[in-house]
Amino acid sequence: MELRALRYFVTVADELHFGRAAERLHIAQPAVSRQIAALERELGVRLFDRSPRRVRLTEAGRRVLGTAREALAAVDRVRTAAHAGVLRIGTGTGQFAARLERGIDALRERAPGFDVVLLDLPPAARLNAVRQGDADLALVRGVQAAPGLRVLPAWTEPVFAVVSARHPAADRPVVGVADLAGGELRIPSGDAVTLRAAGIEGRAGRPAGTARDTVVEVGSDPRGWTVLPADQVAEIRSARVRAIPLEPPATVTGSVVVPVELPGECATAHIAAFGD
C-alpha cells in the first residue's frame, strides 16, 4: 500500500470533492481518481459514494479514515526524527547566496547546532518539496500563493537589465524595456516567474541555462539582454556586461515558503532571518 494513496484518500475525505483535492495536492484530478480506485481495489471496499452532485464517505471509508490519518502522522513523526537537527532549504542554482548565508547565521543565533542541506531545485519543485515534507522551507521570487503552503513575503528587490558592454544602451544610467526590444530576451532557467512578477515582457530567444550561464551568453551578444534581480546582479563578476536600472523601476518580491502547520513564531523568525 502506497503512502501516496493514503494521502490522496485523506485529502479527498477532507474536501469531499475530487477537483478541490487535486488542487490542494497540486496534481491533475485524474491522478487522484486513479489512486483512490487502486486503493479501493487493494482494500476490497468502496471508500466513497460518488455522484455528479456530491462525494460522500462510505461506512468503510469512515472506518479507514481515522487509521489512515494515524498512519500518515506516524510517517511524519519518523521524518521529523530522521531530520532532527537538519534544516533543508529549497533554493536555485546561483541564487540567494548572500541571503542564505545571512539567514542561516541569523537562525543559528537563535538555535545553534543544526546542519544545513541546500536543495537545488526549480521553483515549482521547491514548492512541491516543502509540500511533500522533503524540504523545511524554500526561497522563491514572484510567488504570491501556493496551495497547501504558507507564502511569507520577506523582501523586495529592484530588477536590472543586463546587457553586453557592447550594447548600444550599455553606457546609459537607466534603460527602458522598449529600448531593448530589438534584441532577444534571454530568460534564465526557472526565472520566467520573476519576469512576470516584475511586469517585464520582450521577444524571448531560446531557453537559457542558469543565471550565470545567461550572463556569459549576454556578454557575447551585442543585442541580447536579460533581466536579473539585485541579489543576482551583485554576484556578477564579468566586465563583459553592464547591469542598468530600469525606467520605470521594476521590483520583485521574494518570499519564504513553509508548511501551513509551521508555528507562527517560527514563521516570523524565518521572515526576519531571510528578509531585508
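This report concerns the structure included in the present document. (Residues numbered from 1 in each chain as written. Predicted model: local features only at pLDDT ≥ 70, side-chain atom pairs only at ≥ 80, totals over all residues. Heavy atoms only, no water.)

## Notes on the packing of helix 1 (residues 3-15) against helix 3 (residues 29-43)
Running from amino to carboxyl end, helix 1 crosses helix 3 at an angle of 110 degrees, the nearest separation of the two axes being 9 Å. With respect to each other, helix 1 and helix 3 are oriented roughly perpendicular. Together, R4, A5, L6, Y8, F9 and V12 of helix 1 and A31, V32, Q35, I36 and L39 of helix 3 make up the contact between the two elements. Looking at the contact of helix 1 with helix 3, its residues break down into nine nonpolar, one polar and one charged. (Axes fitted to C-alpha atoms, helices over the stretch in contact; angles between N-to-C directions. Helix = DSSP H or I, 4+ residues; strand = E, 2+ residues; numbered from the N terminus. Parallel < 35°, antiparallel > 145°, perpendicular 65-115°, else oblique. Contact = heavy atoms within 4.5 Å. Nonpolar A, V, L, I, M, F, W, Y, C, P; charged D, E, K, R; others polar.)

## Regarding helix 5 (residues 97-110)
Spanning 14 residues, helix 5 covers 21 Å between terminal C-alpha atoms, matching the ideal 20 Å at 1.5 Å per step. Along helix 5, the residues that are buried comprise R99, L100, G103, I104 and L107. The buried residues of helix 5 occupy one face: seen down the axis, they fall within an arc of 125 degrees. Away from its buried face by more than 90 degrees, helix 5 exposes E101 and E109. At its buried positions, helix 5 is contacted by strand 3 (86-91), strand 4 (115-120), strand 5 (137-141), strand 6 (149-164), helix 9 (230-233) and helix 10 (264-274). (Expected span 1.5 Å × (residues − 1). Buried < 20%, exposed > 50% of the residue type's maximum accessible area, 1.4 Å probe, protein only. Arc of directions from axis to C-beta.)

## Quick look at the pattern of salt bridges
Applying the stated criterion across every chain yields a total of 16 salt bridges. The shortest N-O distance in the salt bridge between R4 and E2 comes to 3.1 Å. The exposure class of R4 is partly exposed, given its relative accessible area of 43%. Owing to a relative accessible area of 43%, E2 belongs among the partly exposed residues under this scheme. Here the residues in one salt-bridge network are D14, E15, R20, R24 and R69, joined through shared partners. (Salt bridge = Lys/Arg side-chain N within 4 Å of Asp/Glu carboxyl O.)

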